[in-house]
Amino acid sequence: MKKHFSLLLVLIATLFSCTDDENSDKYADFLVAKPLKISLSEFENSGDIIAPKPIEESGKIYAYNNYIFINDKYKGVHVIDNKNPESPIKIAFIKIAGNVDISVKDNYLYADSLGDLLVFNIANKDNIKLVNRLKNVLKENIIWPLADIYEWDNATTEDEVLVGWQVVTERRLKEDVQLMFEDVAVNNATGDRSVGQGGSLARFKIVEDYLYAVDNHNINVFNIKNLENPVDLEDVYAGFDIETIFNRDNHLFLGSKSGMYIYDITNPETPTFVSEFQHGTACDPVVVDGDYAYVTLRGGNTCGATESGLYIVDISTIADPVLAKQYPLDGPYGLGIKGNTLFICDGESGLKVYDKTDVNNLKEINHFKDIVTFDVIPREDNLLMVGDNTLYQYKYLENNISLLSSLNLD
């Protein structure tokens, strides 16, 4: 009995010793990026069309005619028949390894599969077909989150492909992390109904006969006059950490972790730099309406140190954008505009609706609090919003919106 009691004391002392060590000044919390991988065979066989399946992690939303497409992050695209918005129906799933974005024109759907561009004919929703695959045309398409540590060991093998990173918080010895940084430093010393509508988080944008796809550093330009056979044109270097793309008239507005970049596409094959608006490091989608660009910044965690908020930028002089007004938010993602109404997906704080008639005095007209929100598309007849693996649709009222339907994607 005495022996067992002694062993118990040793075990308790050991547990408390470990706890004390992790709570000591020798340890700290670090953001650790862990690799997300798929098999090489899964990547090479992208493009299969299968029956509807539960979503694993809802991503961006895209609307085209009577259909809604919702990205399942790195897995593919869910196809939803929305002829009756009060009762949408899941009809198919397009398996696309590494996919995060799509765009549609005249029944041709363009999708990224890591570095490849896939083309699908979706004229017959009951018989969607993969008709083309352009290999290695999206050269830096993996999304790189901000993190203190990247676990590079075994990030890829001969039989696996890296599709992205998952960031978690882990407690690590400061000394070990410092050694990792030193090792790295040493190594380095050596509108058109023929075209669908995406949300503000989109990285693909079709403008007339051209598809613009942004990766981490570039605008990838494709001539799609022959819809089934896109022509890969010269890429345009645009900066660092490019995340989103928005189009208005002859300009592209790129959102990055450090600012908003404006490019002229008067010559559509060669976008040319016009100006930029710099802000602190943060995740950054953009929409534009009239003389103003609306930019939501999500600070903290993997997005950097900037406080979260809405930046309204005066672009009346396109060559010299300036901050007009700033409003605090909790943790925003996508946003959208219809008329004088501004819709903001504020993450876990829900969907916020504002009257933007006076940008210097936004007025909140509704707040849907009990939902997690991610991306939003204001359409002509109704508002689409996705979040927490659920598709929500709202009908417009005179000065507000009300819930029309919700579809659980699980």
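Residues numbered from 1 in each chain as written. Predicted model: local features only at pLDDT ≥ 70, side-chain atom pairs only at ≥ 80, totals over all residues. Heavy atoms only, no water.

## Here's the deal with the pairing of strand 33 (residues 390-396)
Okay, step 1: A large share of strand 33 lies buried, amounting to five of its seven residues.
Okay, step 2: Of the strand pairs in this sheet, strand 32 (residues 382-387) and strand 33 are connected by six bridges, and their pairing is antiparallel. In the strand pairing of strand 33, Leu384 is matched with Gln393.
Okay, step 3: Inspection of the sheet shows strand 33 paired to strand 34 (residues 401-408) by seven bridges, in the antiparallel sense. Of the residues in strand 34, the one forming a bridge with Tyr394 is Leu403.
Okay, step 4: Hairpin connection from strand 33 to strand 34: four residues lie between these consecutive antiparallel strands. (Buried < 20%, exposed > 50% of the residue type's maximum accessible area, 1.4 Å probe, protein only. Helix = DSSP H or I, 4+ residues; strand = E, 2+ residues; numbered from the N terminus. Pairing = 2+ DSSP bridges.)

## Considerations on the nonpolar core
One broad rule of soluble globular proteins: the nonpolar side chains tend to lie buried together.
Okay, step 1: Of all hydrophobic cores here, the largest spans 32 residues; its most connected members are Phe69, Tyr110, Phe120 and Phe222.
Okay, step 2: Among all residues touching Tyr110, those that are not within four sequence positions of it are Asp101, Ile102, Ser103, Leu117, Leu118, Val119, Phe204, Ile206, Leu211, Ile224, Leu227 and Pro230.
Okay, step 3: Counting 26 residues, the second-largest nonpolar core is a separate cluster that includes Val286, Leu329, Leu335 and Val359. (Core = buried A, V, L, I, M, F, W, Y, C linked by side-chain atoms within 4.5 Å. Contact = heavy atoms within 4.5 Å.)

## A short note on the pattern of salt bridges
Okay, step 1: Inspection of the entire model under this criterion finds 14 salt bridges.
Okay, step 2: For Lys338, the salt bridge goes to Glu380, with nearest N and O atoms at 3.9 Å. One end of the pair, Lys338, is in strand 27 (residues 335-338); the other, Glu380, is in the loop between strand 31 (375-378) and strand 32, with 42 residues separating them in the sequence.
Okay, step 3: Judged by its relative accessible area of 27%, Lys338 falls in the partly exposed class.
Okay, step 4: Asp346 is the salt-bridge partner of Lys352, the closest N and O atoms lying 2.7 Å from each other. By the burial criterion, Lys352 is buried, and Asp346 matches it.
Okay, step 5: Among the ionic contacts, a cluster of salt bridges with common partners joins Lys34, Glu170 and Arg172. (Salt bridge = Lys/Arg side-chain N within 4 Å of Asp/Glu carboxyl O.)

## Overview of the sheet that holds strand 21 (residues 259-264)
Okay, step 1: Read from one edge of the open sheet, four strands run 19-20-21-22, paired in antiparallel fashion. Edge positions in the sheet fall to strand 19 (242-248) and strand 22 (272-278), since each has one partner strand and no second. Averaged over neighbouring strand pairs, the angle between their axes works out to 20° when direction is ignored.
Okay, step 2: For strand 19 and strand 20 (residues 251-256), the ladder comprises six bridges, and the chain directions are antiparallel. Its bridge partner being in strand 20, Phe246 is matched across the sheet by Phe253. (Axes fitted to C-alpha atoms, helices over the stretch in contact; angles between N-to-C directions.)

## Structural notes on the pairing of strand 28 (residues 341-345)
Okay, step 1: Of all five residues in strand 28, four are buried; the element is thus mostly enclosed.
Okay, step 2: When strand 27 meets strand 28, the two strands line up antiparallel, connected through four bridges. Each bridged residue has a counterpart across the sheet, and for Gly336 the counterpart in strand 28 is Phe343.
Okay, step 3: In this sheet, strand 29 (residues 351-355) lies alongside strand 28 in antiparallel orientation, the contact comprising five bridges.

## Looking at unusual backbone geometry
Okay, step 1: Here Asn65, not a glycine, exhibits a phi torsion of approximately 50°, which is positive.
Okay, step 2: Positive phi is not limited to glycine here, since Leu114 has a value of about 55°.
Okay, step 3: Position of Leu114 relative to the elements: it lies in the loop between strand 8 (108-113) and strand 9 (116-121).
Okay, step 4: Leu114 gets classed as buried once you look at its relative accessible area, which sits at 9%.

## Let's talk about the side chain of Thr244
Okay, step 1: Relative to the helices and strands, Thr244 resides in strand 19.
Okay, step 2: Classification of Thr244 as buried rests on a relative accessible area of 4%.
Okay, step 3: Dropping the residues within four chain positions of it, Thr244 is found in contact with Ser200, Leu201, Ala202, Val214, Phe253, Leu254, Gly255, Asp284, Pro285 and Val286.

That's the geometry; what it means functionally is another story.
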